[in-house]
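Residue-level structural notes
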Amino acid sequence: MPEGSLKDCALCGRELAEPCTKHHLIPVSEGGKGTTTVMLHKICHDKIHRVFTEKELKKKYYTIDLIQSSQSIREFVEWIRKKEPGYYDRSFRQKKR
């Protein structure tokens, strides 16, 4: 899936709207300070961190394409694409572990 423009969320492809955040493709806690970041809706960013550990993001899911290869993420993207760009649900912040 193409990453779209700088005005689009790198994960879901919808137009960016607040709340949005930067996601480090290599987590800062795993040595990713100063590495590539992408802009995401906060709900998309929260979903990534709900599904994957920091170690998994570093070792296996270090690109948007790899993150999007996850069945859980694909199902989320299919669902979130139907929402308005500014949609946010606070329950996505809570880790599922």
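Residues numbered from 1 in each chain as written. Predicted model: local features only at pLDDT ≥ 70, side-chain atom pairs only at ≥ 80, totals over all residues. Heavy atoms only, no water.

Structural notes on the packing of aromatic side chains
Counted by the stated rule, this structure contains three aromatic pairs. Seen from their ring centres, W79 and Y87 are 5.8 Å apart, and the 80 degrees between their planes marks the pair as edge-to-face. The class for W79 is partly exposed, based on a relative accessible area of 33%. Ring pairs connect the aromatic residues F76, W79 and Y87, which therefore count as one cluster. Taking the ring centre of Y87 as reference, the NZ or CZ of K83 above it sits at 5.1 Å. (Phe/Tyr/Trp six-rings, centres within 6.5 Å; stacked < 30°, edge-to-face > 60°. Buried < 20%, exposed > 50% of the residue type's maximum accessible area, 1.4 Å probe, protein only. Lys NZ or Arg CZ within 6 Å of the ring centre and 35° of its normal.)

Some remarks on helix 1 (residues 42-51)
Within helix 1, seven of the ten residues are buried, which leaves the element mostly enclosed by the surrounding structure. Along helix 1, the residues that are buried comprise I43, C44, H45, D46, K47, I48 and H49. Buried-residue contacts for helix 1 involve strand 1 (20-24), strand 2 (37-41), helix 2 (54-59), helix 3 (64-68) and helix 4 (71-80). (Helix = DSSP H or I, 4+ residues; strand = E, 2+ residues; numbered from the N terminus. Contact = heavy atoms within 4.5 Å.)

Notes on the packing of helix 1 against helix 4
For the pair helix 1 and helix 4, the least separation of the axes is 11 Å and the interaxial angle reads 160 degrees. Between helix 1 and helix 4, the interaxial angle falls into the category roughly antiparallel. Here helix 1 and helix 4 pass one another in a crossing that is right-handed. Here I43, C44, K47, I48 and V51 of helix 1 come into contact with helix 4, specifically with S72, I73, F76, W79 and I80. Grouping the constituent residues of the contact of helix 1 with helix 4 by class yields eight nonpolar, one polar and one charged. (Axes fitted to C-alpha atoms, helices over the stretch in contact; angles between N-to-C directions. Parallel < 35°, antiparallel > 145°, perpendicular 65-115°, else oblique. Left-handed = near helix turned anticlockwise from the far one by under 90°. Nonpolar A, V, L, I, M, F, W, Y, C, P; charged D, E, K, R; others polar.)

Digging into unusual backbone geometry
With omega at 0 degrees, the peptide bond leading from E18 into P19 counts as cis. Tracing the chain through its elements places P19 in the segment before strand 1.

Describing the state of the cysteines
One pass over the structure, following the stated rule, counts zero disulfides. Sulfur of C12: no disulfide; nearest cysteine sulfur belongs to C9 and is 3.8 Å away. With no disulfide partner, C44 has as its closest neighbouring cysteine sulfur the one in C9, 3.8 Å distant. (Disulfide = S-S within 2.5 Å.)

Focus on the confidence of the model for the protein
Segments scoring low in pLDDT should not have their predicted coordinates read at a detailed level. Overall, the prediction assigns the protein a mean pLDDT of 90, with 88% of residues at 70 or greater. Here strand 1 stands out as the least confident element of the protein, with mean pLDDT 95; helix 3 is the most confident, with 98. (pLDDT = per-residue confidence, 0-100.)

Details of helix 4
Along an α-helix, a turn takes 3.6 residues, which lines up residues three or four apart on a common side. All of the buried residues along helix 4 are I73, F76, V77 and I80. Taken down its axis, helix 4 places every buried residue within 100 degrees of arc, on the same side. The elements touched by buried residues of helix 4 are helix 1 and helix 3. (Arc of directions from axis to C-beta.)

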